[in-house]
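# Summary of the model geometry
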Amino acid sequence: MPIVRILLVLLAFASPAFAQDGINELNAARDAAKTFKVYIDGIAKKGQRPDLTRPDVAAMLGHIYDLEALAALPPPEASDMNWLPDWFDAANQSHKLFIFYGAKPGPQPDLAALQRNMIEYGDQYATAISFMIRAMAREAVAMPMFWNELPPEHRTRIREEGITGVRKNSALFILTTVCAAIEGASKPANARLVAASLRDTREIWADFLLPEDRARVIAELADLPKWAPDEIARADLAKFTAALQAVN
């Protein structure tokens, strides 16, 4: 998904000072992501399956998807755009390492490998998706602040198109990854974790998503009782949908 690449375009030529809040968390996440990739590569060479519950591996993922640290940050500000996209990137790349582990390359997705990983690593997947939804929501608040602080001559068409691209990709992420995480959850707790991330950030998405994308998300979630088996998760998704409908 090209969200971070687009954000790099947005940040080109920008030079506001780094905010201290979040930098330590970013560094911990980035270092853990590098170590996690080394672990996954090593396991793959041995032809083994990753053990994401092993204490040292779980600690790596705990730094990458640190929901408590993210929640403890002060309110979003424009300077978040200097470090938050990098944290999201580390989270996004790391979750792909285990959710696509062992998948055969080809034009069609290896559904058997994906299903196995969704079941075996369901707890970690739900945590990753919940973290990324909340991190993206924080970006969605910080991004207009970043734009408003730019000098008029730096508010270029490329940057404006970049923001539009981020908004569209956010809707795509919600529709694909989140729906898969809830529908494919083997435990109610995992479906609830992901649904709660949308419930808690619903007002942000109602404002940030483009009108046509809001309508698409609303339409896709219209039949959620058919694919969201958990009652609490359905209720949270209904709150999310209602917030989008209130704007549309």
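Residues numbered from 1 in each chain as written. Predicted model: local features only at pLDDT ≥ 70, side-chain atom pairs only at ≥ 80, totals over all residues. Heavy atoms only, no water.

### A word on the overall build of the protein chain
Heads up, the condition is: Secondary structure elements are defined from DSSP: runs of H or I of at least 4 residues count as helices, runs of E of at least 2 residues count as strands, and each element is numbered from the N terminus. Any two residues having at least one pair of non-hydrogen atoms within 4.5 Å are treated as being in contact. Using a 1.4 Å probe, accessible areas were evaluated by the Shrake-Rupley method; residue-level cover was limited to the displayed protein chains. Positive residues here are Lys and Arg, negative ones are Asp and Glu, while His and the chain termini are left out of the count. Throughout, a charge is located at the NZ atom of Lys, the CZ atom of Arg, the CG atom of Asp or the CD atom of Glu.
Assigned secondary structure in the protein chain consists of 13 helices and 0 strands. Put simply, the protein chain runs from its N terminus to its C terminus through helices and strands in the order α-α-α-α-α-α-α-α-α-α-α-α-α. At a minimum sequence separation of 6, the contacts of the protein chain that also span at least 24 residues come to 79%. Summed over all atoms, the accessible surface of the protein chain reaches about 12200 Å², with 56% contributed by carbon and sulfur. Taking the average place of the 27 positive charges on the side chains of the protein chain and the average place of its 31 negative ones, the gap between the two points comes to 5 Å.

### What about the packing of aromatic side chains?
This is how it is decided: Working definition: a ring pair exists when centres of Phe, Tyr or Trp rings (six-membered ring for Trp) sit within 6.5 Å. Plane angles under 30 degrees give stacked, over 60 give edge-to-face, the rest tilted. Each residue is placed in one exposure class: buried if its accessible area under a 1.4 Å probe, protein chains only, is under 20% of its type's maximum, exposed if it is over 50%, and partly exposed if it falls in between. In this scheme, Lys NZ or Arg CZ marks a charge over a ring once it lies within 6 Å of the ring centre and within 35 degrees of the ring normal.
Overall, the coordinates contain 8 aromatic pairs when judged by the stated rule. Between Trp87 and Phe131, the aromatic rings sit 5.1 Å apart at their centres with planes inclined by 50°, giving tilted as the arrangement. Separated by 44 residues along the polypeptide, Trp87 in helix α5 (residues 84-99) and Phe131 in helix α7 (residues 122-149) bring together distant segments of the chain. For the pair Trp87 and Phe131, a shared accessibility class is recorded, and that class is buried. Each member of the aromatic cluster is reached from another via a ring pair, and the members are Phe36, Tyr39, Phe98 and Tyr121. Stacked on the ring of Phe208, the Lys or Arg Arg167 has its end atom at 5.7 Å from the ring centre.

### What to know about the pattern of salt bridges
The test is simple: The term salt bridge refers to a side-chain nitrogen of Lys or Arg lying within 4 Å of a carboxyl oxygen of Asp or Glu.
According to the stated counting rule, one finds 14 salt bridges in the structure shown. With a shortest N-O distance of 2.9 Å, Arg199 and Asp200 are connected by a salt bridge. For Arg199, a relative accessible area of 24% corresponds to the partly exposed category. Overall, Asp200 belongs to the partly exposed group, its relative accessible area being 43%. Several salt bridges share partner residues, and in doing so they unite Arg134, Arg199, Asp200 and Asp236 into one network.

### Some thoughts on helix α11 (residues 211-220)
Let me state the cut-off plainly: When we speak of the arc, we mean the arc of directions from the helix axis to the C-beta atoms.
For α11, the complete set of buried residues consists of Asp213, Arg214, Val217 and Ile218. Burial along α11 is one-sided: seen end-on, the buried residues are contained in an arc of 140°. Buried-residue contacts for α11 involve α8 (157-183), α10 (202-208) and α13 (231-247).

### Looking at α8
Filter applied, for reference: Expected helix span is given by 1.5 Å per residue-to-residue step, counting one fewer step than there are residues. Working definition for bend: take the seven residues up to and ending at a residue and the seven starting at it, fit an axis to each, and measure the angle between the axes.
For α8, built from 27 residues, the straight-helix expectation of 39 Å at 1.5 Å per residue is met to within 8% by its first-to-last C-alpha distance of 39 Å. Phe173 marks the point of greatest bend in α8, at about 25°.

### Things to note about the confidence of the model for the protein chain
Put simply, the test is: The quantity known as pLDDT measures the predictor's confidence residue by residue, on a range of 0 to 100.
Summary statistics for the protein chain give a mean pLDDT of 88 and a share of 91% for residues scoring 70 or more. Averaged over each element, pLDDT in the protein chain is lowest for helix α1 (residues 3-11) (45) and highest for helix α3 (residues 55-64) (98). Counting contacts from residues 1-19, a segment whose pLDDT is below 50, to residues more than four positions away or on other chains yields 46 contacts.

### Regarding the side chain of Asn190
The condition is simple: Between N or O atoms, a polar contact is any pair within 3.5 Å; within protein, one atom must be a potential hydrogen donor and the other a potential acceptor, and residues adjacent in sequence are included only when both atoms are from side chains.
Within the element layout of this structure, Asn190 appears in helix α9 (residues 188-200). Its relative accessible area of 8% is what places Asn190 among the buried residues. Looking at Asn190, its side chain comes within polar contact range of the main-chain oxygen of Gly122, at 3.5 Å. Setting aside anything within four residues of it in sequence, one finds Asn190 in contact with Gly122, Asp123, Ala126 and Ala185.

### Notes on the side chain of Asp110
Residue position: Asp110 is located in the loop between α5 and α6 (111-120). One buried charged residue, Asp110, remains without a salt bridge, the closest side chain of opposite sign being Lys104 at 5.4 Å. If near-sequence neighbours (up to four positions away) are discounted, Asp110 is found in contact with Gly102, Ala103 and Lys104.

### Remarks on the nonpolar core
Quick reminder of the rule: We define the nonpolar core as a collection of buried residues of types Ala, Val, Leu, Ile, Met, Phe, Trp, Tyr and Cys that are connected through side-chain atoms lying within 4.5 Å of one another.
Residues Phe36, Trp87, Phe98, Ile129, Ile182 and Trp205 are the most contacted members of the largest nonpolar core, which totals 76 residues. Broken down by element, this core gets its largest block of residues, 15 residues, from α7. Dropping the residues within four chain positions of it, Phe98 is found in contact with Phe36, Leu52, Tyr65, Asn117, Tyr121, Gln124, Tyr125 and Ala128.

### Focus on the packing of α7 against α9
The cut-off we apply is this: Each axis is a line fitted through C-alpha atoms, taken for helices only over the stretch in contact, and angles between the N-to-C directions span 0 to 180 degrees. For classification purposes, angles smaller than 35 degrees are called roughly parallel, those larger than 145 roughly antiparallel, those between 65 and 115 roughly perpendicular, and all remaining angles oblique. Only Asp, Glu, Lys and Arg are considered charged in this grouping, and only Ala, Val, Leu, Ile, Met, Phe, Trp, Tyr, Cys and Pro are considered nonpolar; every other residue, Gly among them, is considered polar.
Contact geometry of α7 with α9 gives a least axis separation of 9 Å together with a crossing angle of 0°. Accordingly, the angle class assigned to the pair α7 and α9 is roughly parallel. Within the contact between the two elements, α7 uses Gly122, Asp123, Ala126, Thr127, Ile129, Ser130, Ile133 and Arg134 and α9 uses Asn190, Leu193, Val194, Ala196, Ser197, Leu198 and Asp200. Residues belonging to the contact of α7 with α9 are distributed by class as follows: 7 nonpolar, 5 polar and 3 charged.

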